[in-house]
Amino acid sequence: MIDVPDGYDCHRDHGPYAGVAAFLGRLAADRPRLASGHTVELYAIAPWLDPVARPAAEEEPIRFHPARRTACLAYGAAEFTAAWAGTLRHPVTVRFDHVADADETTRELLDALTRRIGSAPLRLDLRDGGAREPVAADPTPEATRAALGDSLARGFYHHAARVASRGRAAVTPEGDLRHWWAFTTGLATALAALDRAVEALDLYHEARAATDDPKITMSAAYATAMLYARHLPAAEQDPAQARHWLEQALHLAAGLDDPRQRVLSTVFYEQGIALLDSRAGEPARALRLIDDGLARLTKVLAPGERPQDLARLRHNRAQVHLALGDPEQALAELDTVIAHDPGNCEYYVDRAALHRAAGRSQAAIKDYGTAIRLGPHLPEAYYNRAVLQQERGRAESARDDLERVLAIDPGHLDARIALVNLHVERGAFDAAEEGARAGLALAPQEPALLCTLGLIRSERGGLAEADELLTRALAGDPELVEAWTNRAAVRFEHGDVAAAVADLDRAVALSAAPVPRYNRGTALMRLARWDEAARDFTDALAQPGLDRALRRDLRAALARCRHAMAG
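All values reported here derive from a predicted model rather than from experimental measurement.

## Some remarks on the pattern of salt bridges
Point 1. Per the counting criterion, the structure on display carries 37 salt bridges.
Point 2. Of the charged contacts, one joins R154 and D150 as a salt bridge, the two residues approaching to 3.3 Å between their closest N and O atoms. Here R154 and its partner D150 are both found in helix 6 (residues 141-154), four residues apart, which amounts to about one turn of the helix.
Point 3. With a relative accessible area of 22%, D150 lands in the partly exposed category.
Point 4. Its salt-bridge partner being R472, residue E468 comes within 3.8 Å of it at the nearest N-O pair.

## Focus on the packing of helix 21 (residues 429-442) against helix 22 (residues 447-459)
Point 1. In the contact formed by helix 21 and helix 22, the axes pass within 9 Å of each other and the chain directions differ by 145°. Crossing hand, helix 21 versus helix 22: left-handed. Contacts between helix 21 and helix 22 involve F429, A432, E433, A436, R437, G439 and L440 on the former and, on the latter, L449, L450, L453, I456, R457 and E459.
Point 2. A per-class count over the contact of helix 21 with helix 22 returns eight nonpolar, one polar and four charged.

## A look at helix 4 (residues 69-85)
One turn of an α-helix holds 3.6 residues; hence residues three or four places apart share an orientation.
Point 1. Here helix 4 spans 24 Å end to end across 17 residues, near enough to the 24 Å set by a 1.5 Å rise per residue.
Point 2. The buried count for helix 4 comes to 15 of 17 residues, which makes it a mostly enclosed element.

## Details of the environment of R63
Point 1. Mapped onto the elements of the fold, R63 is located in the loop between helix 3 (39-45) and helix 4.
Point 2. Remark: the alpha-carbon pair of R63 and L194, spanning 131 residues in sequence, is separated by 16 Å.

## Section: the packing of aromatic side chains
Point 1. Counted under the stated rule, the structure contains ten aromatic pairs.
Point 2. Between F268 and Y269, the ring centres sit 6.0 Å apart and the planes meet at 45°, which makes this aromatic pair tilted.
Point 3. The class for Y269 is buried, based on a relative accessible area of 5%.
Point 4. Consider the rings of Y518 and F537, whose centres lie 6.0 Å apart with planes at 50°: the pair is tilted. One end of the pair, Y518, is in helix 26 (residues 514-526); the other, F537, is in helix 27 (residues 530-541), and 19 residues separate them in sequence.
Point 5. Judged by relative accessible area, which is 22%, Y518 ranks as partly exposed.
Point 6. Through a chain of ring-to-ring contacts, the aromatic side chains of Y8, F23, W84 and F96 assemble into a single cluster.
Point 7. Over the ring of W245 we find R208; its NZ or CZ atom is 4.0 Å from the centre of that ring.

## A look at unusual backbone geometry
Point 1. For the peptide bond that leads from G375 to P376, omega is -10°, which places it in the cis range.
Point 2. Within the secondary structure, P376 sits in the loop between helix 17 (361-374) and helix 18 (379-391).
Point 3. Positive phi outside glycine occurs at Y17, with the angle close to 60°.
Point 4. Tracing the backbone through its elements, the reader meets Y17 in the loop between strand 1 (8-9) and helix 1 (20-30).
Point 5. If you check the backbone angles, R306 has positive phi at about 50° while not being a glycine.
Point 6. Structurally, R306 is set in the loop between helix 13 (283-300) and helix 14 (307-323).

Rules used in this analysis
- Residues numbered from 1 in each chain as written.
- Predicted model: local features only at pLDDT ≥ 70, side-chain atom pairs only at ≥ 80, totals over all residues.
- Heavy atoms only, no water.
- Salt bridge = Lys/Arg side-chain N within 4 Å of Asp/Glu carboxyl O.
- Helix = DSSP H or I, 4+ residues; strand = E, 2+ residues; numbered from the N terminus.
- Buried < 20%, exposed > 50% of the residue type's maximum accessible area, 1.4 Å probe, protein only.
- Axes fitted to C-alpha atoms, helices over the stretch in contact; angles between N-to-C directions.
- Left-handed = near helix turned anticlockwise from the far one by under 90°.
- Contact = heavy atoms within 4.5 Å.
- Nonpolar A, V, L, I, M, F, W, Y, C, P; charged D, E, K, R; others polar.
- Expected span 1.5 Å × (residues − 1).
- Phe/Tyr/Trp six-rings, centres within 6.5 Å; stacked < 30°, edge-to-face > 60°.
- Lys NZ or Arg CZ within 6 Å of the ring centre and 35° of its normal.

Take a look at the structure:
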């Protein structure tokens, strides 16, 4: 049993995960075996727990994390805390102070803890006031720059933006260009990660106006290109502008005095050109650039030097091989990539997708599991593994993974839809309806959720509401076969057989699946249109892969039609 202090100071002045990191550290010390299953998230949140860790900003090269990673860390930390709380023999209350003034990472984790612990013996006392612990901050530009680098490398972008803004306020380009640029590009990096790329673009324009230093303008040109290629809102992305700024960066790189750095910078910037070429439908040209870049890097790098940079280029080459329609070569490339950089979860996700497309479900599930461990807790890996589990008939495992996705990312609509459909398949209509309505609260016009909720309401006798929901679904997606089929069933049940046939005409026109034809044949029999019904049943019976029950029903219906036509 741990000693609980009077309270944990969560004020943002103490940095990301203030208060909660110390709390998790105490739990890890109390239950090291439990903690051993959550090392990735615990080491990310409380790096002093890792006995071999180096400061994140000293890693070479730095791996920038997506902003959404903090939600994954919070999920893992909440699972660990819930497991620890399950070992308690008596209730424990833990107080966290200054929650309203906490860093975004801290609030996100406390929210995850609050949702997860439920009725556990652990109680959280969240307060906005409380005693303030003194902050021993070094105000020098060097210390501020180190703090900025650490926050960027760890993926704590809100804190990084605050640190960078504070640094920019303390120096000027005229008085300390080196630090001013470090704070400016650091702020731009943080803003781009937080989907504020337009503001980042303004900062690079400001940098070009402030200095003509060739190294700064070279870096600014490349960063500007990537904003236009990747980070700006879709409507504002501009491949031509991206290419223009990449060419500027390459021009400046060609003037670098150090021949080794000239090669490294040129090859790195050319990867941006390769990306644009591949997107423009020129994968062969992109492949030539990547191959040439790898050859030049090999000449200037010592054996074993910069393996992650080499892995990145080979990962680019794998993507191009896939664009060229050569998945086996892409897979071989990814095997090499993972051998060079086995700690990057992204590569396992990509390899799993290739295994999945080739029908190697077990290999894909294994790679998704590794990505989940390294990520940690990548929602997309959980989701894709759930799809595979469902295909393999493991509905319970699929539900578990989908619930994990939604615990991390409640707005993940594909997971929401899949989970609702699993509930429907097992007849859990209460859970299905609750899930569908929760999803519609986030996306009120989502056709798949409207369709499924319409099916649920029809099963529960709410035919008028079901008809309205299915009509809304079709307004959003007129090619949604399930909505036409389900609305036809509602109208058939309501006695409007002609309207049901009209809906099924649309479903049959969109899909060769046997169920719409079986349903239309059934409706046509009600209208005594026996020959048309018989054609539908015959066409449905010709479809491959019919399950036994549907085949039996089709044969019985066809026999009825033939008997009626024989008079």
